[in-house]
Amino acid sequence: MTFDDLEQRVVAWAAARQIIPNSTAMAQALKTAEEVVELLQALHKHDTKEVIDAYGDCLVTLIIGAELYGVNVVSCLESAYDEIKDRKGHLGTDGIFYKDQA
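Described below are features of the structure shown in this document. (Residues numbered from 1 in each chain as written. Predicted model: local features only at pLDDT ≥ 70, side-chain atom pairs only at ≥ 80, totals over all residues. Heavy atoms only, no water.)

1. Here we look at the overall build of the protein
The secondary structure content of the protein amounts to five helices and two strands. On C-alpha atoms alone, the protein measures out to a radius of gyration of 16 Å, which is more than a quarter above the 13 Å that the 2.2 N^0.38 rule sets for 102 residues. Referenced to the eigenvectors of the C-alpha coordinate spread, the extents of the protein come out at roughly 50 × 35 × 30 Å. By the burial criterion, 21% of the 102 residues in the protein qualify as buried. Taking the contacts inside the protein whose residues are at least 6 apart along the sequence as the reference set, 51% of them involve residues at least 24 apart. Total accessible area on the protein stands at roughly 7800 Å², and carbon and sulfur atoms take up 59% of it. Across the protein, the mean location of the 9 positive side-chain charges is 1 Å away from that of the 17 negative side-chain charges. (Helix = DSSP H or I, 4+ residues; strand = E, 2+ residues; numbered from the N terminus. Rg over C-alpha atoms; globule rule 2.2 N^0.38 Å. Buried < 20%, exposed > 50% of the residue type's maximum accessible area, 1.4 Å probe, protein only. Contact = heavy atoms within 4.5 Å. Areas by Shrake-Rupley, 256 points an atom, 1.4 Å probe, with all protein chains shown as cover. Lys, Arg positive; Asp, Glu negative; His and termini not counted. Charge placed at Lys NZ, Arg CZ, Asp CG, Glu CD.)

2. Focus on unusual backbone geometry
For the bond running from Ile20 to Pro21, omega is 20 degrees, close enough to zero to count as cis. Residue placement: Pro21 occurs in helix 2 (residues 19–22). If you check the backbone angles, Gln18 has positive phi at about 65 degrees while not being a glycine. Mapped onto the secondary structure, Gln18 falls in the loop between helix 1 (3–16) and helix 2. The backbone phi angle of His46 is positive, close to 55 degrees, even though this residue is not glycine.

3. Considering a nonpolar patch on the surface
A contiguous nonpolar surface patch, about 320 Å² in accessible area, is contributed by Phe3, Leu59, Leu62 and Val74. Summarising the element assignment, Leu59 is placed in helix 4 (residues 48–69). (Patch = residues over 30% accessible without salt bridge, like charges linked within 9 Å, V, L, I, M, F, W, Y side chains within 5 Å. Salt bridge = Lys/Arg side-chain N within 4 Å of Asp/Glu carboxyl O.)

4. Digging into the environment of Lys45
In this structure, Lys45 sits in helix 3 (residues 25–45). On a C-alpha basis, the gap between Lys45 and Gly70 in space is 36 Å, while along the polypeptide they are 25 residues apart.

5. Quick notes on the pattern of salt bridges
Scanning the model with the defined rule gives three salt bridges in all. In this structure, Glu34 and Lys31 form a salt bridge, with 3.3 Å as the shortest nitrogen-oxygen distance. A residue pair is termed a helical-turn pair when its members lie 3 or 4 positions apart in one helix, as Glu34 and Lys31 do in helix 3 at three residues. Close ionic contact of Glu35 with Lys31 constitutes a salt bridge, the shortest N to O distance being 3.6 Å. You can see Glu35 and its partner Lys31 sitting in helix 3, four residues apart, about one turn around the helix. One continuous salt-bridge network, built from bridges that share partners, spans Lys31, Glu34 and Glu35.

6. Some details on the environment of Lys85
With respect to the secondary-structure elements, Lys85 resides in the loop between helix 5 (73–84) and strand 1 (89–91). Exposure remark for Lys85: the relative accessible area of 42% places this residue in the partly exposed category. For the pair Lys85 and Phe3, spaced 82 residues apart in the sequence, the C-alpha separation amounts to 21 Å.

Here it is, written out as structure tokens:
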């Protein structure tokens, strides 16, 4: 199954439950924040099953939020990639990404 297939299924699932159109992009963004907290907790516990669930839940809320806002999440990802693809730099041992100065 492709990402596009899954995206369409998530949108259909949300529509069948009236999340679309009754929710808002802001409400989904807040739900995404809750799911990120769950992801952090799962990572801290090294709970692979919960990490997988949390990443999936984050993606679901992002897809629904993008749909409610009227943008396509894959297009958003493509736009973000276009922004970073030519960046030069490295991740330091301190965990900070240092951009090379052009």
